[in-house]
Amino acid sequence: MSERTRRWIVRSYSLGLGLAGLLVLAWASRGAGLPGQLLPLAYFLLLSFLVKYFGFRVAPDVTHSLGGVVDVAALLTLGPVAGGWVAALSSLLYSEYRARQQRLATPRTILEVPLFNGGLKALLALASGAIYQALGGSFAPTAFAGGLVAPLLALCLTWAALDHLGWAGREYLQGGRSGLASWLRTISTPSLLVELLPLPTALVIALVHTALGLGPFALLALAMLSVSILVRLLAEARQKLEARIAELTTLNDVGQAILEASLNKDELCELVYAYASRIVDTRNFLLGLMDEASQRFVLEVLTLDGVRQPKATVSIGGVAAWMQESKSPVLIRDLEREKLPFTPIPLSATPSRSALFVPLLVEATFIGYLSIRSHTPQAFTEDHQRILAAIANQVAVALENIRLYQQAAERQRLEQQLKVAHDLQKSLLPSFCPFVPGFELAADWRSALEVSGDFYDFVSLPGGKLGLLIADVSDKGVPAALFMALSRSLVRSGVIGASSPSEGLRRANTWILKDSQSDMFVTLFYGVLNHADRTLTYANAGHNPPLLYRADTGAIETLAAKGIVLGVLPEIELEERQVAMAPGDLVVLYTDGVTEAINEHEEAFGEERLAQAVRQHHDLEARDVIAKIREAVLAFTGERPPFDDATLVVLKCSQT
Amino acid sequence: MQTRCPYGEGIYTVRPSGRIDAATAPELGQALQDLLAAGQTHLIVDLDGVRYLASGALRVLLVAIKEARRLGGDVKLCSLRPNVQRVFKLSGFTLIFEIADSEEAAALAFQGQPATRAFLGEQGQ
């Protein structure tokens, strides 16, 4: 059944029953002597209206009040026709009044509900009056008699039963069986306590009116009114309490769900929207979060008139900019009448009239806000603000947890990267030093925590010659390790088959530039050792010049040659030099991690200290020379952990 | 790190001091990148206060000069102490950077120089 058809059926039922009731009452009124009863009818009507006015509502449309007691009293006093008019008119007028008060002037509120309510009461009065009379009850009783009990009870039961039957029929047509069941659950307790059980007291009112006169009746009427007010206050207090319990339950659910949710921002945002929808109207809802990196504002969840909008990023302005400073919530009751501390950025073409903004704060840092908006003024109260703020607090904590978790994951990822880089770097180094007749070779590579790109290599060349190289890539981490791998293989390819060291490096330089678009470069010393004539022919591409210790004089020379680092300029010139080595001579190749090792006074180990260590230990085996240099560096730096890789290669011309 | 602009708009001087090594080089790099990001492409790095420059610091200067030249500007160096001068010479960076004796000379060099140069690292096409 379509919603339209259903509405039409409900309307027909309501109007049909209502009009029928009123018509029957009008018909019964002929010759019933109503004109003579106009005065009591008027004040009963007034009392009934007032008592209904002070009623309370547990379900929409239905007002619970002690009005039934007044209506039945009027019936007992004035008879079913006049009593019927009291009940019908007071209900009709009250329903009408309520529609006007709520400014809800729809056909349903100003026509359907009042006519139904009035007409139904007319039928109740006529039917229950007839039963009362049939069982021997008399109208306008002056004294209580045992014979009144049965008819009175029958009247009350009929009244309450028919009243609820009428409304139940309407609920059934509106919401089907489930709608009816939920309606019955909602109203059963107040109906029993307010609508049925007090009903027989109507007899007391009738007796007072007839037997004691208007004065005592007025006192009783006052008492009725004050009891009505009291009942209403109690009912409202109870409703508030229930609403508060529902809020707390929802908040508890939100907290629980956040705890159980996987640590994902998008999921959390959806969750918040779903839970907020349970307690507040989220047809116009926004959950916006600051993006730390871009300093822009991300509209994570945005609904406009119930339609979900795609996620968007905007620049920070309006309320977000203001909240960043103030960190306070804003409750706007009527945008047209209030002066705001900021200029709101309209999110849709139809402007909001009232709105509520609540910031998300992490230790006084603004990270976003929640807002609900409405096209009608006065849509939100402090209660909404309180509940939204409570949700906001939980969300902020959860978002902060997500951020911390991601930070930890990022750190872990970096550590993993460093390990990969380290392993890669290590795998590229020679696993042993080659044997060269008449020479000793030793190498040692120490990686610092933050990997840089040191490497050394030995290349077997035609004619029994050996290429030695030591290099340092300018950067750290995985990119440097990859660049190092690239440089290593290109240098290897370049020098094998090259006519000279400088030629080999020039080729390598061209290839490195071609293959790499990065800002990285490599400093590199490359020498070719000819063990037959004990010469070392070398070129230096911007690397720390190795030290050459002369055994006969004890002097130290540096193997500098004009050149430039590889990987920067397309055309390079490299000077090529040659030194002849004599027995006992020592060449120390090193990277800047050795000479730039720092002590607690921020002093660098330096070339001079390195030279000193070489002089002191030149007569040891190549391997031990390295060990002594390490010792000297360690003694110098003390506890301070090395910042950079430190690599040493020692070539010693054996004593004959 | 001190940044100043004594030669009128368009030429900025960055004055690092103390040691520039692998640990402190990023700070210099950031200062240069900030200026470049702000559209300042005529930069002088005054190394007068630098008593030690590790080879690791060369990279941040290289990154800066590449970016500056790509944008039509340059990074010039001035007032190098002997041991700093030696690092540049050994690494061959004297071929890349224009090195002046004083900040004033570096600024003058800017005024007499057409803004564009080939982008470093690109093959000579």
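Before reading on, note that the structure itself is shown above.
Cut-offs used in this document
Numbers given for residues are sequential positions, taken from 1 along each chain in its written order. Labels follow written order: the first chain is A, the first ligand is 1, and so on. In keeping with the predicted nature of the model, local features appear solely for residues at pLDDT of at least 70, side-chain atom pairs appear and are counted solely at 80 or more, and the whole-chain, interface and lining totals rest on all residues. For the side-chain quantities, the full set of heavy atoms in the structure was used; hydrogens and water were omitted. Cavities and pockets were defined on a 1 Å grid built from protein atoms only: a cavity is a group of points that admits a 1.4 Å probe but offers it no way out, a pocket is an open group of points flanked by protein on both sides within 12 Å along at least five of seven lines, and a lining residue is one with an atom within 4 Å of any such point. Grid points are joined across faces, edges and corners, and a volume is the space filled by probe spheres set on the points. Secondary structure elements follow DSSP: runs of H or I no shorter than four residues count as helices, runs of E no shorter than two count as strands, and numbering proceeds from the N terminus. Amino acids outside the nonpolar list (Ala, Val, Leu, Ile, Met, Phe, Trp, Tyr, Cys, Pro) and the charged list (Asp, Glu, Lys, Arg) are all regarded as polar, and Gly is one of them. Contact definition: two residues touch when any of their heavy atoms are within 4.5 Å. Here's the idea: put two parts together, see how much 1.4 Å probe accessible area each one loses, and the total over both is what we call buried area. Think of a salt bridge as a Lys or Arg side-chain nitrogen and an Asp or Glu carboxyl oxygen that are within 4 Å of each other. Between any two strands, pairing holds if DSSP finds at least two bridges. For helices, the fitted axis covers only the stretch in contact; all axes are lines through C-alpha atoms, and the angles between them, taken along N-to-C directions, range from 0 to 180 degrees.

A. Inspection of empty space enclosed by the protein at higher detail. Residues and elements named next belong to chain A. With the rule as written, the count across this model stands at three cavities of 30 Å³ or more. Roughly 240 Å³ of internal volume is contained in the largest cavity. What lines the largest cavity is a set of 20 residues, and nearest its centre among them are Thr63, Asn117, Lys121, Asp163 and Glu195. Among the secondary structure elements, those contributing two or more residues to the lining of the largest cavity are β2 (63-64), α3 (67-78), α4 (80-101), α5 (107-134) and α6 (149-196). Of all the elements, α6 adds the most residues to the lining of the largest cavity, at eight residues. For the lining of the largest cavity, the class distribution of residues is six nonpolar, nine polar and five charged.

B. Examining the interface of chain B and chain A more closely. Taken together, the contact between chain B and chain A spans 25 residues of the former and 27 residues of the latter. At the boundary of chain B with chain A, total buried surface from both sides reaches about 2,100 Å², with 58% on carbon and sulfur atoms. Summed over the shared surface of chain B and chain A, the number is one salt bridge. Residue Glu607(A) pairs with Arg86(B) through a salt bridge whose shortest N-O separation is 3.1 Å. Mapped onto the side of chain B that touches chain A, the elements with two or more residues apiece are α2 (57-70) and α3 (82-91) of chain B. Among the elements that line the side of chain B that touches chain A, the one with the most residues is α2(B), at five residues.

C. Structural detail: the sheet that holds strand β13 (residues 522-530) of chain A. Residues and elements named next belong to chain A. Read from one edge of the open sheet, five strands run β11-β12-β13-β14-β17, paired in antiparallel fashion. Looking along the sheet, the strands with just one partner apiece sit at the ends: β11 (453-460) and β17 (576-580). Along the sheet, successive strands turn relative to each other by an average axial angle of 15°, direction set aside. In this sheet, strand β12 (residues 466-473) lies alongside β11 in antiparallel orientation, the contact comprising eight bridges. Looking across to β12, one finds that Asp454 is bridged to Asp472. Those strands touched by helix α12 (residues 477-495) are β11, β12 and β13, and its axis lies near 20° from that of β11. The sheet contacts of helix α13 (residues 501-515) involve β13, β14 (535-541) and β17, and relative to β14 the element is tilted by about 30°.

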